[in-house]
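One-letter residues, chain by chain:
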Amino acid sequence: MMAAMSLARNTCAKLFYRNLTPCVWSIQKADYAKPAGVAGLGSKKAGKLGKLGPVVEKVVLPVETNPEKLVNFVCGSNVLKQGQDVQLKPDSEYPEWLWSLRQTKPAPLEEMDENSIQYWRRLRKLNIRRQSRLMKLRKY
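- The name an unreviewed UniProt entry assigns to the chain is Large ribosomal subunit protein mL54, from the organism Daphnia barbata.
- Annotation of the chain in UniProt includes, under Sequence similarities (unreviewed entry), the sentence "Belongs to the mitochondrion-specific ribosomal protein mL54 family."

## Focus: the overall build of the chain
Argument step 1. In terms of helices and strands, the chain carries 3 helices and 2 strands.
Argument step 2. Along the chain, from the amino end to the carboxyl end, the secondary structure elements read α-α-β-β-α.
Argument step 3. For the chain, the residues scored as buried account for 6% of the 140 residues in total.

## Looking at the packing of aromatic side chains
Argument step 1. Under the counting rule described, the total for this entry stands at 2 aromatic pairs.
Argument step 2. Here tyrosine 94 and tryptophan 99 contribute two aromatic rings whose centre-to-centre distance is 6.2 Å and whose plane-to-plane angle is 90°, an arrangement assigned as edge-to-face.
Argument step 3. Ring geometry for tyrosine 119 versus tryptophan 120: centroids 5.0 Å apart, planes at 90°, classification edge-to-face.
Argument step 4. Look at tryptophan 120 and you get partly exposed, because its relative accessible area is 47%.

## Observations concerning the side chain of aspartate 85
Argument step 1. By the secondary structure assignment, aspartate 85 is in the loop between β1 (73-74) and β2 (86-87).
Argument step 2. Of the side chains bearing the opposite charge, lysine 69 lies closest to the buried aspartate 85, which forms no salt bridge; the N-O distance is 4.2 Å.
Argument step 3. Within the structure, aspartate 85 has its side chain in polar contact with the backbone nitrogen of asparagine 78 (distance 3.2 Å).
Argument step 4. Excluding residues that lie within four positions of it along the chain, aspartate 85 makes contacts with Lys69, Phe73, Val74, Cys75, Gly76, Ser77 and Asn78.

## A few points about the pattern of salt bridges
Argument step 1. Evaluation of the coordinates by the stated rule reveals 1 salt bridge.
Argument step 2. When the shortest N-O distance is used, the salt bridge between lysine 69 and glutamate 64 registers 4.0 Å.
Argument step 3. You can call lysine 69 partly exposed: its relative accessible area is 30%.

## Some points on a positive patch on the surface
Argument step 1. A contiguous patch of positive charge, built from Lys125, Arg129, Arg130, Arg133 and Lys136, is present on the exposed surface.
Argument step 2. Residue classification places arginine 130 among the partly exposed positions, given a relative accessible area of 46%.

Parameters and conventions
- Residue numbering note: each chain is counted from 1, following its sequence as written.
- Local features in a predicted model are, by the rule used here, given only for residues with pLDDT of at least 70; side-chain atom pairs are given and counted only at 80 or more, and totals for whole chains, interfaces and linings are based on all residues.
- The side-chain quantities take in all heavy atoms of the structure and omit both hydrogens and water.
- UniProt positions are given in the numbering used here, feature names are shortened, and annotations may be inferred rather than shown by experiment.
- Numbering goes from the N terminus for both helices and strands, where a helix is a DSSP run of H or I of at least four residues and a strand is a run of E of at least two.
- Relative accessibility decides the category of a residue: with a 1.4 Å probe and only protein chains considered, values under 20% of the type maximum give buried, values over 50% give exposed, and everything between is partly exposed.
- Stacked, edge-to-face and tilted labels apply to pairs of Phe, Tyr and Trp rings (six-membered ring for Trp) whose centres lie within 6.5 Å, assigned for plane angles under 30 degrees, over 60, and everything in between, in that order.
- Charge assignment: positive for Lys and Arg, negative for Asp and Glu; neither His nor the chain ends contribute.
- When a carboxyl oxygen of Asp or Glu lies within 4 Å of a side-chain nitrogen of Lys or Arg, that pair is called a salt bridge.
- We define a polar contact as two N or O atoms separated by no more than 3.5 Å, with the added condition that, inside protein, one atom must be a possible hydrogen donor and the other a possible acceptor, whereas residues neighbouring each other in sequence contribute only through side-chain atom pairs.
- Any two residues whose heavy atoms approach within 4.5 Å are treated as being in contact.
- Without a salt bridge and with relative accessible area above 30%, a residue can belong to a patch; like charges are then joined within 9 Å and nonpolar side chains (Val, Leu, Ile, Met, Phe, Trp, Tyr) within 5 Å.
- Using a 1.4 Å probe, accessible areas were evaluated by the Shrake-Rupley method; residue-level cover was limited to the displayed protein chains.
- Note that the charge is assigned to NZ on lysines, CZ on arginines, CG on aspartates and CD on glutamates.

Encoded structure:
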């Protein structure tokens, strides 16, 4: 045993003088500091901590329930602290094309014109979705 230790020390000494790098005889341990105010997951000092950190309180936003205001104003359009929401105008003051906008799902591919750019964009999008679904099924 003593012979093995003296041999290791002599070898280390030779390496030290050859390479000018010291040998490490002990195992280094990295102790990382915990962030201030955060205790471990299992500790009782944690207070209001969830599994991933402090629990965030949910903010309940006020909802407008006054029917007069809902009918006459665009609620939530005023982002400033002062002022009021935008008031709605009569239907006659808005352009005609506004009332002909499609409010349902987009038209199916069969109903679209093949010479339009929207048709080819939709076709590309559908093919990308189809290809990605097929690639999910593939086993590597």
